[in-house]
Amino acid sequence: DVKVTQSSRYLVKRTGEKVFLECVQDMDHENMFWYRQDPGLGLRLIYFSYDVKMKEKGDIPEGYSVSREKKERFSLILESASTNQTSMYLCASTRPPPQGLEQFFGPGTRLTVL
Amino acid sequence: QKEVEQNSGPLSVPEGAIASLNCTYSDRGSQSFFWYRQYSGKSPELIMFIYSNGDKEDGRFTAQLNKASQYVSLLIRDSQPSDSATYLCAVKGSSNTGKLIFGQGTTLQVKP
């Protein structure tokens, strides 16, 4: 079974703090993704990575950065957390096309920024 | 225009009925189409994917694709209360990154 794990299910941080969200997958997938999900807005792509040390901006990268030092681990960093970054954060992984079909999701991290 | 559009619902159907969920997309070069189910508080899980025009059936679920109309749908036959969830349509575009574009999701309520 593919397994994608995220470091925390719930996280509460204060405005201005630096926040690290970690994602680990055990299926040797090349591609990894970070999304945020908000009511009425669906899943929005923040960043994705198609190889170690490679990254590309998604649709809403502002206020975020990422790190991929090892194939299995993809970290999302909020440099200075703000209240508008309160959201559900989902990590996903897949093989690249044409093999990659399904994106496998982690359980999500619900982040609250006070 | 959003790249992938779904009616947010809620769509309410009685138990045993057919639920029909619809999705339109804007990129004519889109290649693959996915339906994910997401229960409240959980992460999305894949139900079906479809590449070719026409219908694809898997148990009670049928995905339908019409590339000319840029339209993909999901039919759920004999709906059960356990089908109550949000259904996300996702489209893989013409890029080679595996990136998916998600619709906002349709909430389905199946009433006993």
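Treat the numbers as computed from the prediction; the structure is a model and nothing was measured. Residue numbers restart at each chain and count upward from 1, following the sequence in its written direction. Chain A is the first chain written and ligand 1 is the first ligand written, with later ones labelled in order. In keeping with the predicted nature of the model, local features appear solely for residues at pLDDT of at least 70, side-chain atom pairs appear and are counted solely at 80 or more, and the whole-chain, interface and lining totals rest on all residues. As a rule here, side-chain values come from all non-hydrogen atoms in the structure, and water together with hydrogens is ignored.

**With respect to the sheet that holds strand β1 (residues 4-6) of chain A**
Residues and elements named next belong to chain A. Formally: Any two strands between which DSSP finds at least two bridges are classified as paired. By the criteria applied, helices consist of DSSP H or I runs no shorter than four residues and strands consist of E runs no shorter than two, each listed in order from the N terminus. Inter-axis angles, ranging from 0 to 180 degrees, are taken between N-to-C directions of lines fitted to C-alpha atoms, where helices are fitted over the stretch in contact.
Spatial ordering of the open sheet is given by β1-β3-β8-β7, a layout of four strands whose pairing is antiparallel. The open sheet has two edge strands with one neighbour each: β1 and β7 (64-70). Within the sheet, the average angular offset between the axes of one strand and its neighbour, ignoring direction, is 20 degrees.

**A closer look at the side chain of Gln-85 of chain A**
Residue and element names in this part refer to chain A. For clarity, the cut-off: Per-residue accessibility, obtained with a 1.4 Å probe over protein chains only, is compared with the maximum for each type, and a residue is labelled buried under 20%, exposed over 50%, and partly exposed between these values. For this analysis, residues touch if any pair of their heavy atoms sits within 4.5 Å.
Note that Gln-85 resides in the loop between β8 (73-78) and β9 (87-94). The exposure class assigned to Gln-85 is buried, which follows from its relative accessible area of 4%. Not counting residues within four places of it along the chain, the set of residues in contact with Gln-85 comprises Arg-36, Glu-62, Gly-63, Tyr-64, Leu-78, Ser-80, Leu-111 and Val-113.

**Focus on the pairing of strand β11 (residues 109-113) of chain A**
The side chains of a regular strand alternate between both faces of the sheet. Residues and elements named next belong to chain A. Residues Thr-109, Leu-111 and Val-113 line the buried face of β11, whereas the alternating positions Arg-110 and Thr-112 sit on a face that is not buried. Pairing between strand β2 (residues 10-13) and β11: four bridges, direction parallel. Paired with Leu-11 across the two strands is Leu-111, which belongs to β11. With three bridges connecting them, β9 and β11 associate as antiparallel partners. Along β11, the bridge assignment pairs Ser-87 with Leu-111.

**Description of the pattern of salt bridges**
Residue and element names in this part refer to chain A. Put simply, the test is: The working definition used for a salt bridge is a side-chain nitrogen of Lys or Arg within 4 Å of a carboxyl oxygen of Asp or Glu.
Counted according to the given criterion, the structure contains ten salt bridges over all chains. The partner of Glu-79 in a salt bridge is Lys-18, and the shortest N-O contact between them spans 3.6 Å. In this pair, Glu-79 is assigned in the loop between β8 and β9 and Lys-18 in the loop between β2 and β3 (19-25), connecting sequence segments 61 residues apart. Take Lys-18: its relative accessible area is 45%, and that puts it in the partly exposed class. A salt bridge links Glu-22 to Arg-73, with the shortest nitrogen-to-oxygen separation between them at 3.0 Å. In this pair, Glu-22 is assigned in strand β3 and Arg-73 in strand β8, connecting sequence segments 51 residues apart. Residue class for Arg-73 comes out partly exposed when judged on its relative accessible area of 33%. Several salt bridges converge on common partners, so that one network encompasses Asp-28, Glu-30 and Lys-71.

**Remarks on the state of the cysteines**
Note the following rule: Pairs of cysteine sulfur atoms within 2.5 Å are identified as disulfides in what follows.
A complete count under the given rule lists two disulfides over all chains for this structure. Cys-23 of chain A shares a disulfide with Cys-91 of chain A; S-S distance 1.9 Å. Here the disulfide of Cys-23 of chain A and Cys-91 of chain A is left-handed, its torsion about the S-S bond being about -75 degrees. Placement of the pair is Cys-23 of chain A in strand β3 and Cys-91 of chain A in strand β9, with a sequence separation of 68 residues. Here the two residues Cys-23 of chain A and Cys-91 of chain A agree in accessibility, since each one is buried. At a sulfur-sulfur separation of 2.1 Å, the disulfide partner of Cys-23 of chain B is Cys-89 of chain B. Across the S-S bond of Cys-23 of chain B and Cys-89 of chain B the torsion is about -70 degrees, and the bridge reads as left-handed. Taken together, the residues span a long stretch of sequence, with Cys-23 of chain B in strand β3 (residues 19-25) and Cys-89 of chain B in strand β9 (residues 85-92) at a distance of 66 residues.

**Topic: the interface of chain A and chain B**
Convention followed: Two parts placed together each lose some accessible area under a 1.4 Å probe, and adding up what both lose gives the buried area. What qualifies as a polar contact is a pair of N or O atoms within 3.5 Å, subject to a donor-acceptor requirement within protein and to the restriction that residues adjacent in sequence count only when both atoms come from side chains. In this count, Pro and Cys sit with the nonpolar residues alongside Ala, Val, Leu, Ile, Met, Phe, Trp and Tyr, while Asp, Glu, Lys and Arg are called charged and the others, Gly among them, polar.
Each side of the interface is counted separately: chain A has 20 residues, and chain B has 19 residues. Interface of chain A and chain B: buried area, both sides summed, is about 1,700 Å²; carbon and sulfur atoms make up 58% of it. Across the chain A-chain B interface, the total number found is zero salt bridges. Our count for the contact surface shared by chain A and chain B stands at three residue pairs in polar contact (both at pLDDT 80 or more). Contributing elements (two or more residues each) for the side of chain A that touches chain B: β4 (31-38) and β5 (42-51) of chain A. Considering only residue class, the side of chain A that touches chain B consists of eleven nonpolar, six polar and three charged.

**Side note on the sheet that holds strand β1 (residues 4-5) of chain B**
Spatial strand order, β1-β3-β8-β7-β6 (chain B): five strands in an open sheet with antiparallel pairing. Taken across any chain shown, the strands that pair with only one partner, and hence form the sheet edges, are β1 and β6 (54-58) of chain B.

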